[in-house]
Amino acid sequence: MHKSKADTARPAESVRVIKKYPNRRLYDTDTSSYITLAEVKALVMDSERFVVRDAKTNEDLTRSILLQIILEEETAGVPIFTEQVLANIIRFYGHAMQDFMGSYLEKNVQIFMDLQHKMAEQSSGMNPEAWKQFMNAQSPMMQGMMGTYMEQSRSAFAQMQEQMQKNSEQMLAAFGLKR
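Residues numbered from 1 in each chain as written. Predicted model: local features only at pLDDT ≥ 70, side-chain atom pairs only at ≥ 80, totals over all residues. Heavy atoms only, no water.

Along the backbone of the protein chain there are seven helices and four strands. In the protein chain, which comprises 179 residues, the share counted as buried stands at 20%. In the protein chain, of all internal contacts separated by at least 6 residues, the share reaching a separation of at least 24 is 48%. Total accessible area on the protein chain is roughly 13400 Å²; 57% of this is exposed by carbon and sulfur atoms. (Helix = DSSP H or I, 4+ residues; strand = E, 2+ residues; numbered from the N terminus. Buried < 20%, exposed > 50% of the residue type's maximum accessible area, 1.4 Å probe, protein only. Contact = heavy atoms within 4.5 Å. Areas by Shrake-Rupley, 256 points an atom, 1.4 Å probe, with all protein chains shown as cover.)

Shown next as structure tokens:
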């Protein structure tokens, strides 16, 4: 595993700046060289903080570049999102629930990432047979971790519901209506 430049050269709070030029090329100001989308993906995989800025306007293009990476990943191999999931996500844009859905998805992905990290910690040094047993859904350790994941996911959903109820009550109160 290679160490990213962030681990060795820059303070943890600094953010790597990548400039995007009109010719669609990406320039890494840290290394003073052009980089590819695959190299930007490597920064993401290394958990390196970065921002992509338009070279002329200084507009933040980070989300656009991340979406481009997701698009390439989705079309290149085995996709994460089914057509149904993508259609449902699209339906939330402009919907009153958009903010809640974004927050809910973000919390759930973070919970899942935490679960993955715990699994990696607990399985370090396992031989293939032990790993197979560990991954077996019947193992008590796996059941415990999945139970924790499901509970955290349920909790995130409950928080979303509570926030929706508070917002509804505030909106009704603003119209002079009580529930």
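Text resumes after the structure shown.
Time to look at the confidence of the model for the protein chain. Across the protein chain, the average pLDDT comes to 80, with 74% of residues at or above 70. pLDDT under 50 marks residues 1-8. Its contacts with residues more than four places away, or in other chains, come to ten contacts. (pLDDT = per-residue confidence, 0-100.)

Picture the strands of a sheet paired through backbone hydrogen bonds; they go either parallel or antiparallel. Ordered by their spatial adjacency, four strands build an open sheet running 3-2-1-4, and the pairing between neighbours is mixed. Edge positions in the sheet fall to strand 3 (33-35) and strand 4 (50-54), since each of these pairs with one other strand and no more. Strand-to-strand twist in this sheet, taken as the mean axis angle between neighbours without regard to direction, amounts to 35 degrees. Relative to strand 3, strand 2 (residues 26-28) is paired through three bridges, and the arrangement is antiparallel. When the sheet's bridge partners are listed, Tyr27 is paired in strand 3 with Tyr34. Along the sheet, helix 2 (residues 37-45) contacts strand 1 (16-20), strand 2, strand 3 and strand 4; its crossing angle with strand 3, the most-contacted strand, is approximately 85 degrees. Packed on one face of the sheet, helix 3 (residues 62-76) meets strand 1, strand 2 and strand 4 and runs near 110 degrees to strand 4. (Pairing = 2+ DSSP bridges. Axes fitted to C-alpha atoms, helices over the stretch in contact; angles between N-to-C directions.)

Right, let's get into the nonpolar core. Soluble, globular proteins show a tendency: their nonpolar side chains are buried together. Grouped together as the largest cluster of nonpolar side chains are eleven residues: Ile18, Leu26, Ile35, Leu37, Val40, Leu43, Phe50, Val52, Leu61, Ile65 and Ile69. The contacts of Val40, once residues within four sequence positions are left out, are Ile18, Leu26, Ile35, Phe50, Ile65 and Ile69. In terms of nonpolar packing, the next biggest core, distinct from the first, is built from six residues, Met101, Tyr104, Ala156 and Met160 among them. (Core = buried A, V, L, I, M, F, W, Y, C linked by side-chain atoms within 4.5 Å.)

What follows is about a nonpolar patch on the surface. A cluster of nonpolar side chains, Leu67, Ile70, Ile80, Phe81, Val85 and Leu86, forms an exposed patch at the surface whose accessible area comes to about 540 Å². Elements with a contribution of two residues or more to the nonpolar patch: helix 3 and helix 4 (83-92). Mapping Ile70 onto the fold places it in helix 3. (Patch = residues over 30% accessible without salt bridge, like charges linked within 9 Å, V, L, I, M, F, W, Y side chains within 5 Å. Salt bridge = Lys/Arg side-chain N within 4 Å of Asp/Glu carboxyl O.)

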